[in-house]
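Results of the structural survey
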Amino acid sequence: MAWHKVAGVGLIICSILLLFSMFEWQKDAGLSSELPPSGERRYHGPLPSEFKSVLVASMECTEDCAEKKVRLDSMLSSKRYMAHVSLDKETYRPGETAYIRAVLVDAANDKLATTNDYVNAKLEIKGPTGETVYEAWLENQEKSVVSHLWKITSDQTGGEYRAEITPERQGSPMSWRAFIIRSYRQPKFTVVVEFTSEHDAQAGGYGFGDVIHGRVKATRADGSPCASAALSWKAAVDGVALQALSAPAQLDADGAAPFSFQLPTHETGDGQGSVSVSVSDGGDVEGQAKTIPMVVRTLDLRLYPEGGDLAAGLPGRVYFEALTRSGEPVALEAELWEVAVAG
């Protein structure tokens, strides 16, 4: 009877030691465990090296057995990678080549990935509307770098694009870099629009009712004037077209022509005016636009006491700000009047 008691106590002690050793093994491996209602025990954390070695050792060896083992060992690791994306420039023309490069680093410690990590990445080029216009897989090269050359087609739509690179490891975030594709055409000739009439230099623009005189000049790429080229133009203020006082239908022998028009006498909006001209020379058409600097009568005048509030009977300093209705600053001369307040 005493022997059975001793054996039972020994069995209990062995069970306690076994449970303690399992707890220490989980702690050393960096694992946490939880017991769901079903009774199944799950472990969360890095896969123990003992399990990885068993998986690698159980692989069928072929001629490239060593490479497969190294690759599987890398895939079973808990590393996640981030990509730092860069391009050779920010703006491209259709037909050019975009040089895309990314440096892969460990997300946990910012260490560079190596060729032994077998970290490849997926490249996606997203268009202005978010659609994928190009994609490719990039292999990890020397010194943790992946790179690719994207040949932009000559008919590629202009707009803002994104180069998105995602490391192939599960859970690795996507990184991106924006760039612009802008269509460009060498002009056949240049068109210059200038105002010759004087305006209020202090106010910084023309007033309503003023007459504006201007000049258009067109010059070919070789420096010769676009003599007798057809000319059309239009002027508008706040979306309302203005009638020309003088506007010839073609340029003179020097490739120039004057024009004049009168601004509206009454303020109709924010005072946003512009002049646009179009010159046609032998089938080639070029244009130019110029903003009309205008001074509006309706201003937004704001006062700012220096300390936030004025104190009665004490000297104070007040700042003021004058803006147009569109929020543009305007030069202003003002007079300060002292008004007695009744009561």
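Residues numbered from 1 in each chain as written. Predicted model: local features only at pLDDT ≥ 70, side-chain atom pairs only at ≥ 80, totals over all residues. Heavy atoms only, no water.

1. With respect to the overall build of the chain
Let me state the cut-off plainly: Here a helix means four or more residues in a row that DSSP labels H or I, a strand means two or more in a row labelled E, and each is numbered from the N terminus. Residue exposure (1.4 Å probe, protein chains only): buried if accessible area is under 20% of the type maximum, exposed if over 50%, otherwise partly exposed. We call two residues in contact whenever any of their non-hydrogen atoms come within 4.5 Å of each other. For every accessible area listed, the method is Shrake-Rupley and the probe measures 1.4 Å; residues are considered covered only by the protein chains on display.
From N to C terminus, the chain includes 3 helices and 20 strands. The proportion of buried residues among the 343 residues of the chain is 27%. Sequence-distant contacts, at least 24 apart, represent 57% of the contacts inside the chain between residues at least 6 apart. Split by element, the accessible area of the chain, about 22,700 Å² in all, is 54% carbon and sulfur.

2. Quick notes on the packing of aromatic side chains
For clarity, the threshold we go by: Here the aromatic set is Phe, Tyr and Trp, taking the six-membered ring for Trp, and pairing holds for ring centres within 6.5 Å; pairs whose planes are under 30 degrees apart are stacked, those over 60 apart are edge-to-face, and all others are tilted.
Counted according to the given criterion, the structure contains 9 aromatic pairs. For the pair F195 and Y206, a centre-to-centre distance of 6.2 Å together with 90 degrees between the ring planes defines the contact as edge-to-face. With F195 in strand β11 (residues 189-195) and Y206 in the loop between β11 and β12 (211-220), the pair connects residues that are 11 residues apart, well separated along the chain. The buried category is assigned to F195, whose relative accessible area is 17%. Residue Y206 is classed as buried on the basis of its relative accessible area, which comes to 2%. On the numbers, 5.7 Å between centres and 35 degrees between planes, the contact of W233 with F261 is tilted. In this pair, W233 is assigned in strand β13 (residues 230-237) and F261 in strand β16 (residues 256-262), connecting sequence segments 28 residues apart. On the accessibility criterion, W233 (18% relative accessible area) is buried.

3. Observations concerning the nonpolar core
How we decide: Definition of nonpolar core: a set of buried residues of the types Ala, Val, Leu, Ile, Met, Phe, Trp, Tyr and Cys, connected through side-chain atoms within 4.5 Å.
Judged by nonpolar contacts, the single largest core of 27 residues is most densely connected at L251, F261, L263, V275, V277, V279 and I292. Mapped by element, the contributors of at least two residues to this core are β11, β12, β13, β16 and β17 (273-281). In contact with F261, other than residues within four places in its own chain, are D210, V211, I212, W233, A235, L242, Q243, A244, L245, V275 and I292. Grouped together as the second largest cluster of nonpolar side chains are 23 residues, A83, Y92, A102 and W150 included.

4. A closer look at the side chain of D106
We count it as follows: Polar contacts, as used here, are pairs of N or O atoms within 3.5 Å; protein pairs need one atom able to donate a hydrogen and one able to accept it. Residues neighboring in sequence count only if both atoms are side-chain atoms.
With respect to the helices and strands, D106 occurs in strand β5 (residues 97-106). D106 sits in the buried class, given a relative accessible area of 6%. A distance of 2.9 Å separates the side chain of D106 from the backbone nitrogen of A108, its partner in a polar contact. In contact with D106, not counting residues within four places along its chain, are K79, R80, Y81 and K111.

5. Regarding the sheet that holds strand β10 (residues 175-181)
Our working definition: Pairing between two strands is assigned when DSSP locates at least 2 bridges connecting them.
Pairing within the open sheet is mixed, and its 5 strands lie in the order β4-β10-β9-β6-β7. Where the open sheet ends on each side, the last strands, each with one partner, are β4 (91-92) and β7 (132-138). With 6 bridges connecting them, strand β6 (residues 121-126) and strand β9 (residues 159-167) associate as antiparallel partners. Opposite K126, over in β9, you have R162 as the bridge partner.

6. Observations regarding the pattern of salt bridges
The line we're drawing: Basic side-chain nitrogens of Lys or Arg form a salt bridge, by our definition, when they fall within 4 Å of a carboxyl oxygen of Asp or Glu.
Taken as a whole and judged by the stated rule, the model has 8 salt bridges. Taking the shortest distance from any N to any O, the salt bridge between E135 and K122 comes out at 3.7 Å. In this pair, E135 is assigned in strand β7 and K122 in strand β6, connecting sequence segments 13 residues apart. The partly exposed category is assigned to E135, whose relative accessible area is 47%. Looking at K122, the relative accessible area reads 29%, which means it is partly exposed. A salt bridge links R162 to E164, with the shortest nitrogen-to-oxygen separation between them at 2.7 Å. By relative accessible area, which is 7% here, E164 ends up buried.

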